[in-house]
Amino acid sequence: MFGAFVLIAAFALAGLVLPGAAPASANENTFVEVTPNSVQAGSRVHIRASCDNANDRQAEVTSDAFNRVFLRPDNGFLTGSVTVPGNKAAGDYPVHLRCDNDRTANTTLTVLNMEQPTKGPATGGGGTADRGTGSMLLLGGVATVAAAVVFGLLSSRRRAGS
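What you see is a predicted model, and the numbers here were worked out from it, not measured in a lab.

Conventions used here
Numbers given for residues are sequential positions, taken from 1 along each chain in its written order. It should be noted that, the model being predicted, local features are given only for residues of pLDDT at least 70 and side-chain atom pairs only at 80 or more, the latter also being counted only at that level, while totals for whole chains, interfaces and linings use all residues. Note: side-chain values were computed over all heavy atoms of the structure, leaving out hydrogens and water. Burial status follows relative accessibility: with a 1.4 Å probe on protein chains alone, a residue under 20% of its type maximum counts as buried, one over 50% as exposed, and anything between as partly exposed. In DSSP terms, a helix is any run of H or I states spanning at least four residues, a strand is any run of E spanning at least two, and both are numbered starting from the N terminus. Strand pairing is assigned whenever DSSP detects at least two bridges linking the two strands. We define a salt bridge as a contact between a side-chain nitrogen of Lys or Arg and a carboxyl oxygen of Asp or Glu at a distance within 4 Å. Each nonpolar core is a collection of buried residues, namely Ala, Val, Leu, Ile, Met, Phe, Trp, Tyr and Cys, held together in the definition by side-chain atoms within 4.5 Å. We call two residues in contact whenever any of their non-hydrogen atoms come within 4.5 Å of each other. The term polar contact refers here to a pair of N or O atoms within 3.5 Å; inside protein, the definition further demands a hydrogen-donor-capable atom paired with an acceptor-capable atom, and it admits residues adjacent in sequence only when both atoms are side-chain atoms.

**Brief notes about the pairing of strand β4 (residues 59-63)**
Next up, step 1: Within β4, four of the five residues are buried, which leaves the element mostly enclosed by the surrounding structure.
Next up, step 2: As paired strands, β4 and strand β5 (residues 67-74) are joined by five bridges and run antiparallel to one another. Within the sheet, the bridge partner assigned to Ser 63 lies in β5 and is Asn 67.
Next up, step 3: If you look at the hairpin formed by β4 and β5, you'll find three residues sitting between the two strands.
Next up, step 4: Taken together, the four bridges between β4 and strand β7 (residues 91-98) define a ladder with antiparallel strand orientation. Among the inter-strand pairings, Glu 60 is bridged to a residue of β7, identified as Arg 98.

In structure tokens:
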């Protein structure tokens, strides 16, 4: 009984000491996510966000990585997609969400700009060999087989004539 009294007194005292503190609302939820958060320049990213209780209206997302995109309502969230330009310099770019209800949120998108090889090395065999190499090998094989046939015929005539 004494424990319950102490607990009630503690709550009452907290109410007197913090009269200006408002209880947190379950709807105060504003965020922005970029997936994936590290991409090669030229890749597409998906953006998902929440503007607290304004997820039924579009919101604007801006970044130096891709300029601007408008997110649209989708199953209780705001979603959209955008492509990072292929010539975008590598680095970390802030992504800013601005909601119609004046709420904001930020995240970071990392852009990678690694050169991609155009084709594998021409090491011979398979699809990496030069086109001319295959014809040369074919001609060489035919010549070898022809030489073997001629040599075989000449050898058999000498034995038969001996």
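**A word on unusual backbone geometry**
Next up, step 1: Cis geometry is adopted by the peptide bond preceding Pro 36, which originates at Thr 35 and carries an omega value of -10 degrees.
Next up, step 2: Looking at the secondary structure, you find Pro 36 in the loop between β1 (30-35) and β2 (38-40).
Next up, step 3: If you check the backbone angles, Asn 67 has positive phi at about 75 degrees while not being a glycine.
Next up, step 4: Tracing the backbone through its elements, the reader meets Asn 67 in strand β5.
Next up, step 5: You can call Asn 67 exposed: its relative accessible area is 60%.
Next up, step 6: Its identity is not glycine, yet Asn 75 carries a phi of approximately 55 degrees, on the positive side.
Next up, step 7: Tracing the chain through its elements places Asn 75 in the loop between β5 and β6 (77-83).

**Looking at the pattern of salt bridges**
Next up, step 1: Summed over the entire model, instances satisfying the criterion amount to five salt bridges.
Next up, step 2: Taken together, the shared-partner salt bridges connect Glu 60, Arg 68 and Arg 98 into one network.

**Let's talk about the nonpolar core**
Next up, step 1: If you look at the biggest cluster of nonpolar residues, it comprises 25 residues, and the most contacted ones within it are Ile 47, Val 61, Phe 66, Leu 71, Leu 97 and Leu 109.
Next up, step 2: Taken together, the elements giving at least two residues each to this core come down to β1, β3 (44-51), β4, β5, β6, β7 and β8 (104-112).
Next up, step 3: It is β3 that provides the largest number of residues to this core, a total of four residues.
Next up, step 4: With sequence-adjacent residues up to four places away left out, Ile 47 is seen in contact with Val 32, Glu 33, Val 34, Val 61, Phe 66, Val 69, Leu 71, Leu 78, Thr 79, Gly 80 and Val 82.

**Focus: the side chain of Asp 52**
Next up, step 1: Assignment of secondary structure puts Asp 52 in the loop between β3 and β4.
Next up, step 2: At 3.2 Å, the side chain of Asp 52 forms a polar contact with the side chain of Arg 103.

**A look at the environment of Cys 99**
Next up, step 1: Tracing the backbone through its elements, the reader meets Cys 99 in the loop between β7 and β8.
Next up, step 2: In this structure, the C-alpha to C-alpha distance between Cys 99 and Val 61, residues 38 residues apart in sequence, is 8.7 Å.
Next up, step 3: Those residues in contact with Cys 99 that lie beyond four places of it in its chain are Thr 30, Ser 50, Cys 51 and Ala 59.

These figures capture arrangement, not role.
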